[in-house]
Amino acid sequence: MTTSATSGTGPADPAGPTENSLRRALKRARDGVALDVAEAAVLLQARGEHLDDLTASAARVRDAGLEAAGRPGVITYSKSVFVPLTRLCRDKCHYCTFVTVPGKLRRAGHGMFMSPDEVLDIARKGAALGCKEALITLGDKPEDRWPEAREWLDAHGYDDTIAYVRAISVRILEETGLLPHLNPGVLSWTDFQRLKPVAPSMGMMLETTATRLWSEPGGPHHGSPDKEPAVRLRVLEDAGRSSVPFTSGLLIGIGETYEERAESLFALRKVSRAYHGIQELIIQNFRAKPDTAMRGMPDAELDELVATVAVARHIMGPSACLQAPPNLVDAEYERLIGAGIDDWGGVSPLTIDHVNPERPWPQIEELAAKSRAVGFELRERLCVYPEFVRRGEPWLDPRLRPHVAALADPATGLALPDAPVVGRPWQEPDEAFTASGRTDLHTAIDTEGRTSDRREDFDEVYGDWAALREAAAPGMAPERIDTDVRAALATAADDPTRLTDDEALALLHADGPALDALCKVADDVRKSAVGDDVTYIVTRNINFTNVCYTGCRFCAFAQRRTDADAYTLSLDQVADRAEQAWGVGAVEVCMQGGIHPDLPGTAYFDIARAVKARVPGMHVHAFSPMEVVNGATRTGMSIREWLGAAKEAGLDSVPGTAAEILDDEVRWILTKGKLPAATWIEVIETAHELGLRSSSTMMYGHVDQPRHWLGHLRTLAGIQQRTGGFTEFVTLPFIHTNAPVYLAGIARPGPTVRDNRAVTAMARLLLHPHIPNIQTSWVKLGTEGAAEMLRSGANDLGGTLMEETISRMAGSSYGSYKSVKDLIAVADAAGRPAKPRTTLYGPVPEERQRAARDSDGHLPQLLPVLD
């Protein structure tokens, strides 16, 4: 039993809460008033009549949720098989009997991992019994601790454990028809991208947010790197960002106090509220096991479990799905139903509970009878909960939809009990490059505009706006700067490489005469570094699709496939546009698109090949780091392997977009599902190592502050010093007009003129001498704004573009293309000569220059909407 007295670290009063505090908290619970942590901690200690009162109100909350979900009086379960893929683990939890060591596995005649044949044998037997879920459980990253695990993976051709989990999941889908539910422990954001296409749901218990139970010697999680609460909370957030239906929960009675238990529930609620991705919470009671360090710890008593379930129901609300494992409660099922659960979890007619092998599953018929006795009908669900089955995209990968649809009741999202469980192909959607939708958007955006200022799913697709406002508030607060601006200007003029962070921050805040002086210093540094030429490139943007479900909150370009402005180009249309651009003097096509769920990871190779086949001399500058990760994870390749294959297919360089601000404090407000800063850096550095150069970018003026700009620029300078792969730095002022994060009232309306000048000038100084080319964006700033940036340290105008959809969809009013003469006029306005360049800032062949002069960089005609 977990109490403040037994834990030894709880509240000062070992007698528990006062009668008055209990009555107040119970009344608030009955009245449906939001509880705080202190009140929840009080209610966790309710016993006797108070506990009856608490569970009664919790049950009413549950019943209201089931009514709203269209399944009143229904309690669910999943008919499953338990697959312990490996019992090796790098952690050392003091209560665990699931985990073992290589020697014991060898002596028992087992391999370090279950073989595919062993896994499929269990899955096939389960399918024959009508099971629909394969619960794949394993230890965390065993290859990091055990050489034997690493040797097994190497011998069988897997880079890591996650690669094997992915491969075996595909075989389960194809050869048995069961749906994998994955419990591989702590996952990175990239791991989620790798596994999402092969499993409709995943899970990991939070267990507790009590850091001391992990950090202090003798604690149940001490010595277990994957049990750090901050790490596990990050996993839950990454699951939400990746739109993965996710199961989590608490393990109660391992030494936490009531307040710590309450804090854990509120942490789960915060994640659930922010991402709407937690499909169920498991409230599991600790059971001591022999031969563990915690064998003498008392079990969490039934009243503890019942009270925690009831408090969890009040905190999580009516729409939450709550589960308590039935094999851990000695058949006291009616008390758990009365406390507010609505699910029994996975129950297997075939396999044991390998985590609690001493506790057999109840018979499904017994569960049904016990549930019926208290007025509930037992219904089977899939491993992915009904709400997510009905939501569809982006929560279910297109490759999984046929597998789920074959087993799900389309009306309820629950399982079809008698559906045949048979293997089905796991494959990419057909006809990935069929032209569809508003393929004339690249021109119509300038004449007709977008259909509406926001997507129809605005209130759901980006997460919870109220939670986001709360998260954004600290970063929006202005800073006080005490550093002497004059001294900082003197340092910048003398040697910008000696600028300290304090000095740089002071200059990023400069205004008035100080800003004028800063821009003059930056312009002088520009002149000494690259001369007076204003460079530009004759290029064409080709955005091959705008269908995307990533959920970037700054992006007005992304559309659902059913939205009025959605489109996808065919390969022929992409090649046609590249060929047209070549005809008017282009030396480059810049190709990027949305993360379309139907496009396979090899689609990017097809795009590059199509352009090279049609126009062999065209430089293919394509695929942001987000697209690279998408391609790699969809194909099961490493980032290095995928980039190598893309290079062979014709990729010449990579745009350094998707960077936004390389600070996750800001990124997770700007984006829901885009790659973390560390992954962006990994992609860019890997590309550079493979000889694929890239641009670098920063989007600013939204929920960021100058300190974030400084960190971003320092990061880019560090990458360049390591790799030398950046060709230029591009300033990208935030276009706010149609950006969801602005429409929701969170972001400010883009950067000011002061911000633009300061960022351009400081980019010149902080990136000197490592990145010599600083590009300004005429698309976002217009002619006069771009000319001003050329006087503030910039030396490059970017490209003619010929078409531009992303900024125009966001609300930019400066058009979609510039002619060569237009770009020369911008340079003239800054009092400087203009000079064409290639992607890598080399000289442009005379033949290309002549073609550009003859056409002035204008396309001769518009492409049709559809062939």
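Counting from 1, residues in each chain are numbered in the order their sequence is written. Predicted model: local features are reported for residues with pLDDT of at least 70 only, side-chain atom pairs are reported and counted for 80 or more only, and whole-chain, interface and lining totals are derived from all residues. As a rule here, side-chain values cover all heavy atoms of the structure and leave hydrogens and water aside.

All right, on to the overall build of the protein chain then. Summing up its helical and strand segments, the protein chain has 36 helices and 21 strands in all. Its C-alpha radius of gyration of 29 Å places the protein chain within 12% of the 29 Å reference for a compact globule of 867 residues. In terms of its C-alpha atoms, the protein chain occupies a principal-axis envelope of roughly 85 × 60 × 55 Å. Pairs at least 24 residues apart make up 78% of the contacts formed inside the protein chain by residues separated by at least 6 positions. The protein chains shown are the only cover counted for residues, whose accessible areas, like all others here, come from Shrake-Rupley with a 1.4 Å probe. For the protein chain, the computed accessible surface area is about 31,000 Å², with 51% contributed by carbon and sulfur atoms. Between the averaged position of the 94 positive side-chain charges in the protein chain and that of its 119 negative side-chain charges there is a distance of 0 Å. Put simply, DSSP marks the helices as runs of H or I at least four residues long and the strands as runs of E at least two long, and each gets a number from the N terminus on. The globule rule used here is 2.2 Å times the number of residues to the 0.38 power, and the radius of gyration it is set against is calculated over C-alpha atoms. Throughout, a contact is declared for two residues whenever any of their heavy atoms are within 4.5 Å. His is not counted here, nor are the chain ends, while Lys and Arg score as positive and Asp and Glu score as negative. Here the site of a charge means atom NZ of a Lys, CZ of an Arg, CG of an Asp or CD of a Glu.

A few words on empty space enclosed by the protein. To locate leftover empty space, one rolls a probe as large as a water molecule over the atoms. Only protein atoms enter the 1 Å grid used here, on which a cavity is any set of points holding a 1.4 Å probe that cannot leave and a pocket is any open set flanked by protein within 12 Å on both sides along at least five of seven lines; residues with an atom within 4 Å of a point are listed as lining. Grid points are joined across faces, edges and corners, and a volume is the space filled by probe spheres set on the points. A full pass over the atoms with the stated rule returns 6 cavities of 30 Å³ or more. Of the voids in this model, the second largest cavity is the one considered here, and its volume is about 350 Å³. Considering the residues around the second largest cavity, the lining is formed by 22 residues, among which Gln193, Lys196, Ser242, Ile595 and Arg634 are closest to the centre. Among the secondary structure elements, those contributing two or more residues to the lining of the second largest cavity are helix H9 (189–195) and helix H26 (625–635). Ranked by the residues each element gives to the lining of the second largest cavity, the list is headed by H26, at 5 residues. Of the residues contributing to the lining of the second largest cavity, the split by class is 10 nonpolar, 7 polar and 5 charged. All residues other than Ala, Val, Leu, Ile, Met, Phe, Trp, Tyr, Cys, Pro, Asp, Glu, Lys and Arg, Gly among them, are scored as polar; the first ten of these are nonpolar and the last four charged.

Now for the packing of aromatic side chains. Aromatic pairing here means that ring centres of Phe, Tyr or Trp (its six-membered ring) are within 6.5 Å. Orientation follows from the plane angle: under 30 degrees is stacked, over 60 is edge-to-face, and everything else is tilted. Under the counting rule described, the total for this entry stands at 15 aromatic pairs. Measuring from ring centre to ring centre gives 6.3 Å for Phe544 and Tyr604, while their planes differ by 75°; the resulting arrangement is edge-to-face. Taken together, the residues span a long stretch of sequence, with Phe544 in the loop between strand E12 (539–543) and strand E13 (567–568) and Tyr604 in helix H25 (residues 603–614) at a distance of 60 residues. Per residue, the accessibility class of Phe544 equals that of Tyr604, and both read buried. For the ring pair Tyr700 and Trp709, a centre distance of 5.8 Å and an interplane angle of 70° mean the geometry is edge-to-face. Think of it in three bands: with a 1.4 Å probe and only protein chains considered, a residue is buried below 20% of the maximum accessible area for its type, exposed above 50%, and partly exposed in between.

What follows deals with the packing of helix H33 (residues 778–790) against helix H35 (residues 820–829). Lines are fitted to the C-alpha atoms to define the axes, a helix being fitted only along its stretch in contact, and any angle between axes, read from their N-to-C directions, falls within 0 to 180 degrees. At a closest axis distance of 7 Å, the pairing of H33 and H35 adopts a crossing angle of 35°. Across the interface between the two elements, Trp778, Thr783, Ala786, Ala787 and Leu790 of H33 pack against Leu823, Val826, Ala827 and Ala829 of H35. Its residues placed into classes, the contact of H33 with H35 shows 8 nonpolar, 1 polar and no charged.

Here we come to the packing of helix H4 (residues 49–69) against helix H13 (residues 302–316). Between H4 and H13, the least distance of the axes is 9 Å, while the angle of their chain directions is 40°. Overall, the two elements H4 and H13 adopt an arrangement that is oblique. H4 and H13 meet at a crossing whose hand is left-handed. Together, Leu51, Leu54, Thr55, Ser57, Ala58, Val61 and Arg62 of H4 and Asp303, Val306, Ala307, Ala310, Val311, Arg313 and His314 of H13 make up the contact between the two elements. Classifying every residue of the contact of H4 with H13 by side-chain character gives 8 nonpolar, 3 polar and 3 charged. Each angle gets one of four labels, with under 35 degrees taken as roughly parallel, over 145 as roughly antiparallel, 65 to 115 as roughly perpendicular, and the rest as oblique. Here is the rule for handedness: rotate from the far helix to the near one, and if that takes an anticlockwise turn smaller than a right angle the crossing is left-handed, while a clockwise turn gives right-handed.

Let us now look at the pairing of strand E1 (residues 74–86). For E1, the tally of buried residues reaches 13 of 13 residues, placing the bulk of the element in the interior. Inspection of the sheet shows E1 paired to strand E9 (residues 377–381) by 5 bridges, in the parallel sense. Bridge pairing in E9 links Ser78 to Arg381. Think of it this way: DSSP has to see at least two bridges between two strands before they count as a pair. Bridging between E1 and strand E8 (residues 343–347) involves 3 bridges; their strand directions are parallel. The partner of Thr76 across the bridge, within E8, is Asp343. The pairing of E1 with strand E2 (residues 133–138) spans 6 bridges and is classified as parallel.

The subject of this paragraph is the environment of Asp563. Note that Asp563 resides in the loop between E12 and E13. Under the relative-accessibility criterion, Asp563 is labelled buried at 10%. The spacing of Asp563 and Val547 is 16 residues in sequence and 8.8 Å in space, taken between C-alpha atoms.

The next thing to look at is helix H21 (residues 485–494). Those residues of H21 not exposed but buried are Ala488, Leu489, Thr491 and Ala492. Across the axial projection of H21, the buried residues extend over an arc of 160°, all falling on one side. Projecting away from the buried face of H21 at angles above 90 degrees are the exposed residues Arg486, Ala493 and Asp494. Residues of H21 that are buried in the fold lie against helix H22 (501–508), helix H23 (512–530) and helix H32 (753–766). For H21, the side-chain oxygen to backbone nitrogen distance between the N-cap and Arg486 is 2.9 Å, and the N-cap itself is Asp484. Directions drawn from the helix axis to the C-beta atoms are what define this arc. Here a polar contact means two N or O atoms within 3.5 Å. Within protein one must be a hydrogen donor candidate and the other an acceptor candidate, and residues neighboring in sequence count only if both atoms are side-chain atoms.

Attention now goes to helix H15 (residues 364–373). Among the residues of H15, Ile364, Leu367, Ala368 and Ser371 are the ones counted as buried. Seen along its axis, H15 keeps its buried residues to an arc of 100°; they face one direction. For H15, the exposed residues set more than 90 degrees away from the buried face come down to Glu365 and Ala373. Looking at the buried positions of H15, the neighbouring elements they touch are E1, helix H14 (333–339), E8 and E9. Where H15 terminates, the next one or two residues include Gly375, which has phi positive at roughly 90°.

Here we take up the pattern of salt bridges. Salt bridge criterion: a side-chain nitrogen from Lys or Arg within 4 Å of a carboxyl oxygen from Asp or Glu. Counting across every chain of the model gives 60 salt bridges. Of the charged contacts, one joins Arg106 and Glu148 as a salt bridge, the two residues approaching to 3.8 Å between their closest N and O atoms. You can see Arg106 sitting in helix H5 (residues 102–107) and its partner Glu148 sitting in helix H7 (residues 147–155), a full 42 residues away along the chain. With its nearest N and O atoms 3.9 Å apart, the salt bridge here joins Arg401 to Asp598. Of the two residues, Arg401 is situated in helix H17 (residues 401–405) and Asp598 in the loop between strand E14 (588–592) and H25; the sequence distance between them amounts to 197 residues.

Moving on, we get to the side chain of Asn285. Mapped onto the secondary structure, Asn285 falls in strand E6 (residues 278–285). For Asn285, the side chain forms a polar contact with the main-chain oxygen of Leu328, separated by 3.0 Å. The residues contacting Asn285, other than those within four sequence positions of it, are Leu251, Ile252, Ala300, Leu305 and Leu328.

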